[in-house]
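# Inside the fold
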Amino acid sequence: MAPIVHVRGDVDLLTAPEFRACMRSTASSTTHNGYVVVDLSELEYIDGGGLRALEEGATLCRQGSRELVLVAPPPHIERILEMVQLADHLPVLNSVEALSGRAQLNGDQPDKSGEDDVTASLPGREPHG
């Protein structure tokens, strides 16, 4: 299965370096083939540093013949992704389950690494208010 990075709370000046390190590590890993999934369903806020980390992760994935896939961003986060044109370059899916359908449409082979789903949880700073 593809590794999944779960992001929650705020990715901002304080947490963007940790997010970037997590993205670098996961995207450059040679353990998995195919996809790297970033679950944005619990993300409240993302700043420019977080957006750059996504771009860098996508570049590292492409270099390793993998694809970075964004999953379930809340509407306000999806709008930000559209505004900065990341949604034009990265697939944005409604759920992790939709990834298997995408793989079949693309003719991709399932990951044969034999390893279970790997989850990296990035605990971003909890939202304000």
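Position numbers for residues start from 1 in each chain and track the written sequence from start to end. With the structure being a predicted model, the display of local features is reserved for residues of pLDDT at least 70 and the display and counting of side-chain atom pairs for 80 or more, all residues being used for whole-chain, interface and lining totals. Derived side-chain values reflect all non-hydrogen atoms in the structure, with water molecules and hydrogen atoms excluded from consideration.

This part is about the environment of E18. Tracing the backbone shows E18 in helix α1 (residues 16–28). Exposure classes here rest on a 1.4 Å probe applied to the protein chains alone. A residue is buried below 20% of its type maximum, exposed above 50%, and partly exposed in between. Looking at E18, the relative accessible area reads 43%, which means it is partly exposed. Each C-alpha atom of the pair E18 and A53 lies 9.8 Å from the other, and the pair is 35 residues apart in sequence. Helix and strand labels come from DSSP, where a helix needs a run of H or I of at least four residues and a strand needs a run of E of at least two; each type is numbered from the N terminus.

The subject of this paragraph is the pattern of salt bridges. The term salt bridge refers to a pairing of a side-chain nitrogen on Lys or Arg with a carboxyl oxygen on Asp or Glu at a separation within 4 Å. All told, the structure shown has 3 salt bridges when counted by the stated rule. A salt bridge links E56 to R20, with the nearest nitrogen and oxygen atoms 2.7 Å apart. A residue pair is termed long-range when its members are at least 10 positions apart, and E56 in helix α2 (residues 48–63) and R20 in helix α1 qualify at 36 residues. Given a relative accessible area of 37%, R20 falls into the partly exposed group. Residue R79 pairs with E82 through a salt bridge whose shortest N-O separation is 3.9 Å. You can see R79 and its partner E82 sitting in helix α3 (residues 75–83), 3 residues apart, about one turn around the helix. Here the salt bridges share partners, and the residues they tie into one network are R20, R24 and E56.

This brings us to the pairing of strand β3 (residues 67–71). Burial of β3 is extensive: 4 of the 5 residues sit out of reach of the surface. Should DSSP find at least two bridges between two strands, the strands are taken to pair. Pairing of strand β2 (residues 35–46) with β3, which is carried by 5 bridges, proceeds in the parallel orientation. The residue of β3 that forms the bridge with D39 is V71. Of the crossover connections in this fold, the one passing from β2 over α2 to the parallel β3 is right-handed. Inspection of the sheet shows β3 paired to strand β4 (residues 92–93) by 2 bridges, in the parallel sense. Residue pairing across strands places V71 opposite L93, the latter belonging to β4. A crossover connection joins β3 to the parallel β4 through α3; in handedness this β-α-β unit is right-handed. Here is how to tell: hold the view so the strands point away, follow the path from the first strand over the helix to the second, and if it runs clockwise the crossover is right-handed.

Looking now at unusual backbone geometry. Positive phi outside glycine occurs at S65, with the angle close to 60 degrees. With respect to the secondary-structure elements, S65 resides in the loop between α2 and β3. The class of S65 is exposed, set by a relative accessible area of 67%. In this model, Q85 sits at a positive phi of 65 degrees, which is unusual for a non-glycine residue. Relative to the assigned elements, Q85 resides in the loop between α3 and β4.

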